[in-house]
Structure formats: structure tokens, C-alpha cells
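Results of the structural survey
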Amino acid sequence: MTNPDPMRVFDRRLVRLRRDRAAATVGQVAPVLEEAAERLLDRLDDITRRFSRALDLGGRGVVAPRLRARGIPFVVSMDLSARMAAGAGGLAVAGDEEALPFAPESFDLIVANLSLHWVNDLPGALVQIRRALRPDGLFLASLPGLGTLQELREALAGAESALRGGLSPRVSPFPELRDLAGLLQRTGFALPVADGEALPLRYRTPLGLLQDLRAAGEANAALARDSRTPPRALLPMALAALPQDETGVPASFRLLMMTGWAPHESQSKAARPGSANARLAEVLGVEERSAGERAGH
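Residues numbered from 1 in each chain as written. Predicted model: local features only at pLDDT ≥ 70, side-chain atom pairs only at ≥ 80, totals over all residues. Heavy atoms only, no water.

The protein chain has the name Methyltransferase domain-containing protein in an unreviewed UniProt entry, where Belnapia rosea is given as its organism.

Along the protein chain, the regular secondary structure elements total 11 helices and nine strands. Each of the 297 residues in the protein chain was classed as buried or not, and the buried ones make up 45%. Put simply, of all contacts in the protein chain between residues at least 6 apart along the chain, 78% involve residues at least 24 apart. As displayed, the protein chain offers around 15300 Å² of accessible surface, 53% of which is attributable to carbon and sulfur atoms. (Helix = DSSP H or I, 4+ residues; strand = E, 2+ residues; numbered from the N terminus. Buried < 20%, exposed > 50% of the residue type's maximum accessible area, 1.4 Å probe, protein only. Contact = heavy atoms within 4.5 Å. Areas by Shrake-Rupley, 256 points an atom, 1.4 Å probe, with all protein chains shown as cover.)

Once that is clear, we can look at the pattern of salt bridges. This model, assessed by the stated rule, comprises 14 salt bridges. When the shortest N-O distance is used, the salt bridge between Arg12 and Asp96 registers 2.6 Å. Of the two residues, Arg12 is situated in helix 1 (residues 12–22) and Asp96 in the loop between strand 3 (91–94) and strand 4 (107–113); the sequence distance between them amounts to 84 residues. The exposure class assigned to Asp96 is partly exposed, which follows from its relative accessible area of 22%. Overlapping salt bridges, with partners in common, bring together Arg12, Asp96 and Glu97 in one network. (Salt bridge = Lys/Arg side-chain N within 4 Å of Asp/Glu carboxyl O.)

Contact geometry of helix 6 (residues 150–164) with helix 9 (residues 234–241) gives a least axis separation of 8 Å together with a crossing angle of 135°. Judged by the inter-axis angle, helix 6 sits oblique to helix 9. Read as a crossing pair, helix 6 and helix 9 show a hand that is right-handed. Together, Ala155, Leu156, Ala159, Glu160, Ala162 and Leu163 of helix 6 and Leu234, Leu235, Met237, Ala238 and Ala241 of helix 9 make up the contact between the two elements. A breakdown of the residues in the contact of helix 6 with helix 9 according to their chemical character gives 10 nonpolar, no polar and one charged. (Axes fitted to C-alpha atoms, helices over the stretch in contact; angles between N-to-C directions. Parallel < 35°, antiparallel > 145°, perpendicular 65-115°, else oblique. Left-handed = near helix turned anticlockwise from the far one by under 90°. Nonpolar A, V, L, I, M, F, W, Y, C, P; charged D, E, K, R; others polar.)

In this structure, Leu44, Phe51, Leu67, Leu109, Val111 and Leu138 are the most contacted members of the largest nonpolar core, which totals 49 residues. Of the residues forming this core, the biggest block, six residues, is contributed by helix 2 (residues 30–41). Those residues in contact with Leu67, other than ones at most four positions away along the chain, are Leu41, Leu44, Ala54, Asp56, Ile72, Val75, Leu109 and Val111. One finds Val119, Ala125, Leu180 and Leu256 within the second-largest nonpolar core, a separate group that totals 26 residues. (Core = buried A, V, L, I, M, F, W, Y, C linked by side-chain atoms within 4.5 Å.)

As C-alpha cells, this is what we get:
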């Protein structure tokens, strides 16, 4: 499929349709979603302030209940799929992360657990999320990072190359950790932090991995995907190539997490260059030397 707009990587209509279908099956992958949500929401344990209005972006039924359990009285769940949003219970909204349907400063907490990796314009979505936050509001997000599903990516590439002599994207592209903190800063967030950790997964059979991806609504939705019917031998050949031992089939999952705050005057800020009122040498109790002296001149 030819993509005339290089800024559009994903078929958002297809993403919505797949999430509609997955609303009935997402419970099959609840343990993975719950583990990612727990690791992300653990960051709230280190924060003393209390939140009163929270937005759950694409949490697939596991984030909103956890926010309510933490005592947040007003929680809205939004998803590209109305069916998926309704599965979270409480207030549900069908909406697009690329065009948030909320007024500025509507929430003091926004959480996006494993949902923003299907957004075409991630910087634009982050700008809108920041605008929807009240001053000193908190944004938490998790995304699958580079290296996720690498075994499946390589197995599919090898099988397709052998059968067709070429490749098409069959696994979604994922971001790199080093890009996320800078992206938060460029989109107006204060005190940006990005970190990553491994979320090890194993499956009893190779087919189980594909079944979980479909159940979660995570099948390939890249605009550049090959629209032709794949060769009948493609999946069997790829699944046979996946690494496997007596404990099962490993599936790499790199969980990236972002933390950012809507700017507020009470937040600490970096000092201006040259504004220090004490020399570092005095604080450390060492002798200060000039550049020439340090070079041995």
C-alpha cells in the first residue's frame, strides 16, 4: 500500500475497528495490561499531592478501576473504540488521541497505558494532553519500546524474504527511550522523565503469541503493510522459526514510561547559567585551577 502522507504511519480507522472487535476478547491479555498498569501507577505512590479529576486514555478496562481504587472521585475513560471505552466502567467517551474532545485544564491527572503507540502525530497528541491538564497536573504514559516483539519481527521478515524475496512491515514500529524525555520537553511538559524496563513474557506455543496480539487489538495497522493475501506458508514458517525451549516461546517486551507535569510557578526550575553564588571548588574543598594549569602549562 502506498502512503502519500509520510506523517501518517497508521490506519486509524483500522485501529478503531480492531479495538472494537477486541473489546470482547481483551480479558485474555488482562495480566499483561495489569502488570504494565501497576508498574506505571506505582509512580503515584511517590507523589504527595492528591488528584480529583483523572483521564484514562486507552486503558482497556484496567486503568480506570485502579484510579478509582486510589480514591480519585472523577475518572473518565476515553478510547478510539466506544466499546473498549465502555468496558472500563463509569464515565466513558469515544474519542481520538489526535483530537482530544476536552476543554483546556479539564483534568489534573492523565494516564495513557499502552495506547499512544498507535498515534500518527505523537508530538501533537502530547501537546493536546498537556493543554487538557490543569497547571501542575501530571501525565503518565507507558509505551512498548524498540526491541518489543523482536523475535516475531525477525521471524516474519525471514519467512517473507524467503517466500517473496522482499519485506513489508508486519510489526508496528516502536519508539526509542532516548527520544521520549526530549519529546515531553518539546511539547511543553515540565520536569520530564523517561525510563524503561523489561516485561518478560513467555508463551506455551508460538500461536499463543499471535492469539494474544489479536485479542488485545494489536494486529498490524501500518499503512505501508502489504495488502495482498499473505502466502499460506508465511505464518507456519515464521512461527516455526521463533526461538523455543522447554519453558516456552519468549516474547521480548520493552516497557517505556514517561512522566511529565503541566507547568506551574511552584515547580522547581533549573538555575540560569552564571547565577550560582558559590564556586564548586569552594563547596568541594578543593583548589581551583585555570584551564592552562590543568593542562600542565
